[in-house]
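Spelled out, the chains give:
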Amino acid sequence: MERPLGIAIICHPTIGGSGVVAAELGMGLADRGHDVHVVSYVRPVRVTEGHSRVHFHEVPIARYPLFQYPPYTLALASKLSTVARQHPIDVFHAHYAIPHTASAYLAKQMLGENGPKIVTTLHGTDITLLGLDESFYDITRFCLQQSDGISAVSNYLARETHARFCTDCPAEVIHNFVDLERFNPKHFDAALRTKYACPDEALIGHLSNFRWVKRTQDVIKTFHYIARHHSSKLLMIGDGPDRETAERLADELGLKSRVHFLGSDQDIDELLPLLDFFLLPSEQESFGLAALEAMACGVPVIATDVGGLPELIQHEESGFLLPLGDVEAMGRTACELLKNPEAHQRVRAAARKRSEYFSQSDIIDRYERLYRRVLAPSHQENSVATTP
Ligand code: GMT
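If you're wondering where the values come from, they're calculated on a predicted model, not measured in any experiment.

(A) Structural detail: the packing of helix H8 (residues 216-229) against helix H13 (residues 327-338). Where H8 meets H13, the closest approach of the two axes is 8 Å, and the angle between their N-to-C directions is 40°. With respect to H13, the axis of H8 lies oblique. Note that H8 runs across H13; the crossing there is right-handed. Contacts between H8 and H13 pair Asp218, Lys221, Thr222, Tyr225, Ile226 and His229 from the former with Val327, Glu328, Met330, Gly331, Arg332, Ala334, Cys335 and Leu338 from the latter. In terms of residue class, the contact of H8 with H13 is made up of 7 nonpolar, 3 polar and 4 charged.

(B) Seen up close, the side chain of Asn184. With respect to the helices and strands, Asn184 occurs in the loop between strand E7 (172-173) and helix H7 (190-193). Under the relative-accessibility criterion, Asn184 is labelled buried at 10%. In this structure the side chain of Asn184 is engaged in a polar contact, spanning 2.9 Å, whose partner is the backbone nitrogen of Lys186. Excluding anything up to four places from it in sequence, Asn184 contacts Pro273, Ala296, Cys297 and Arg352.

(C) Summary view of the domain arrangement of the protein. Taken domain by domain, the protein comprises domain 1 (6-177 + 359-386) and domain 2 (185-358). One C-alpha centre belongs to domain 1, the other to domain 2, and the line joining them spans 30 Å. Counting from both sides, the interface comprises 22 residues of domain 1 and, opposite them, 23 residues of domain 2. Taking both partners together, domain 1 and domain 2 bury about 1,500 Å²; carbon and sulfur atoms supply 58% of that area. The interface formed by domain 1 and domain 2 contains 1 salt bridge. Between Glu293 and Arg46 there is a salt bridge, and its shortest N-O distance comes to 3.2 Å. Put simply, domain 1 and domain 2 have 7 residue pairs in polar contact (both at pLDDT 80 or more) between them. Here the side of domain 1 that touches domain 2 is composed, by residue class, of 9 nonpolar, 12 polar and 1 charged.

(D) Molecular detail of the pattern of salt bridges. Evaluation of the coordinates by the stated rule reveals 26 salt bridges. Notably, a salt bridge pairs Glu49 with Arg43, separated by 4.0 Å at the nearest N-O pair. Of the charged contacts, one joins Asp276 and Arg193 as a salt bridge, the two residues approaching to 2.9 Å between their closest N and O atoms. With Asp276 in the loop between helix H10 (268-271) and strand E11 (277-280) and Arg193 in helix H7, this pair connects stretches of sequence that are 83 residues apart. One salt-bridge network, in which partners are shared between bridges, spans Glu24, Arg46, Arg182, Asp269 and Glu293.

(E) Spotlight on the site of the ligand. If you check the shell around the ligand, you find 18 residues, and the closest are His123, Asn176, Arg211, Glu285 and Ser286. Contacts to the ligand include Asn209, whose side-chain N or O atom sits 3.1 Å from an oxygen atom. Interatomic distance of 3.0 Å between a backbone N/O atom of Gly288 and an oxygen atom of the ligand. Residues of the shell around the ligand, tallied by class, amount to 4 nonpolar, 11 polar and 3 charged. Three or more residues apiece are contributed to the shell around the ligand by two domains, here domain 1 (6-177 + 359-386) and domain 2 (185-358).

(F) How the structure looks around the packing of aromatic side chains. All told, the structure shown has 5 aromatic pairs when counted by the stated rule. Aromatic pair Tyr105 and Phe142: ring centres 5.1 Å apart, planes at 85°, arrangement edge-to-face. Remark: Phe142 occurs in helix H5 (residues 137-146) and Tyr105 occurs in helix H3 (residues 97-111); sequence separation between them is 37 residues. On the numbers, 4.8 Å between centres and 20° between planes, the contact of Tyr137 with Phe165 is stacked. You can see Tyr137 sitting in helix H5 and its partner Phe165 sitting in the loop between helix H6 (155-164) and E7, a full 28 residues away along the chain. Judged by its relative accessible area of 23%, Tyr137 falls in the partly exposed class.

The rules behind the values
Residues numbered from 1 in each chain as written. Predicted model: local features only at pLDDT ≥ 70, side-chain atom pairs only at ≥ 80, totals over all residues. Heavy atoms only, no water. Axes fitted to C-alpha atoms, helices over the stretch in contact; angles between N-to-C directions. Helix = DSSP H or I, 4+ residues; strand = E, 2+ residues; numbered from the N terminus. Parallel < 35°, antiparallel > 145°, perpendicular 65-115°, else oblique. Left-handed = near helix turned anticlockwise from the far one by under 90°. Contact = heavy atoms within 4.5 Å. Nonpolar A, V, L, I, M, F, W, Y, C, P; charged D, E, K, R; others polar. Buried < 20%, exposed > 50% of the residue type's maximum accessible area, 1.4 Å probe, protein only. Polar contact = N/O pair within 3.5 Å; in protein donor to acceptor, adjacent residues only side chain to side chain. Domains from an automatic or database assignment. Buried area = accessible area lost by both parts, 1.4 Å probe. Salt bridge = Lys/Arg side-chain N within 4 Å of Asp/Glu carboxyl O. Near = heavy atom within 4 Å. Phe/Tyr/Trp six-rings, centres within 6.5 Å; stacked < 30°, edge-to-face > 60°.

In structure tokens form, the structure reads like this:
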């Protein structure tokens, strides 16, 4: 029997896939007997209170007139070193490299010899967008080189890391995961659905943090096509910088009464099973966690053929992958399936089946193995790239 580990999980707590993965992983590790310390500036939504082995440590952000931007990276490094002095921590696990791996590196230096190992999980835009910005490129590359273990949430992201940052810091592919009990078609609630659509109307959905990479305007345009051919409603779940633009476009296209903007404070495991389709027309998507959660609820996803989405969705089998920006093709695909309930049902079942390859327990096993490997005295990194 291997000893339980002390893991400090560092993440962005707000809406966004990396925080969700970090939180769910932390809870899962604690259920397996590990001591988990979540470190962030606010408690992540999915880190529930009351678990005896999950401890949340808030990073205080001091305001000072000299700083236009408070140096969060330093405050986080300080908090990490304090946590590691007060608790037995084996691993600092940084989710999203920027700035978390830099803080973990600083904390490790502060702690001296035998400090925790650093594991970095790359989630997407830390490599494909933000990390490439000239103000972050060198530090991101350095942080990757200083990590004792690196994982990426898709083969696509591992390849991008290798090609754009470093050939000497291979990333192990550990795909994202889903709680198959919590996200399940059996949670379909007919009464709740009537709150958003009549029984003869289709209910389409989108969930994101409404940043430009999500192309929320394409969601509205695709829905505009669908609504012209089929009586339907759209649920826009989440919030972010592009919400206002999306609301304005819905208004301009005469869709105001058909689109519900619900914001981010929602029980998505109750909403997703209500949908007939999920739209994800992203410009970039390293994995597409929201798509996986929809698929686990038996909801076909219509997405763009970009990034890591083909590792999740098999085109015309468990969902649809269409060219970036082709809102007409996305709308047409939805309408064709809405006219053919048998085919729609087939894709629903295939979506659920596909999601079962990404079960929480299998993926948590992979993270545990990664921790044990970096902690082993003769640690050597491997690059393992597998698509289930
Ligand atoms: O970029 C976002 O929308 C948020 C970002 C994050 O790190 O919070 O999401 C990324 O990580 C998710 C969890 O691993 C992935 O499922 C998303 O595909 C990825 N987003 C992008 O690559 C744009």
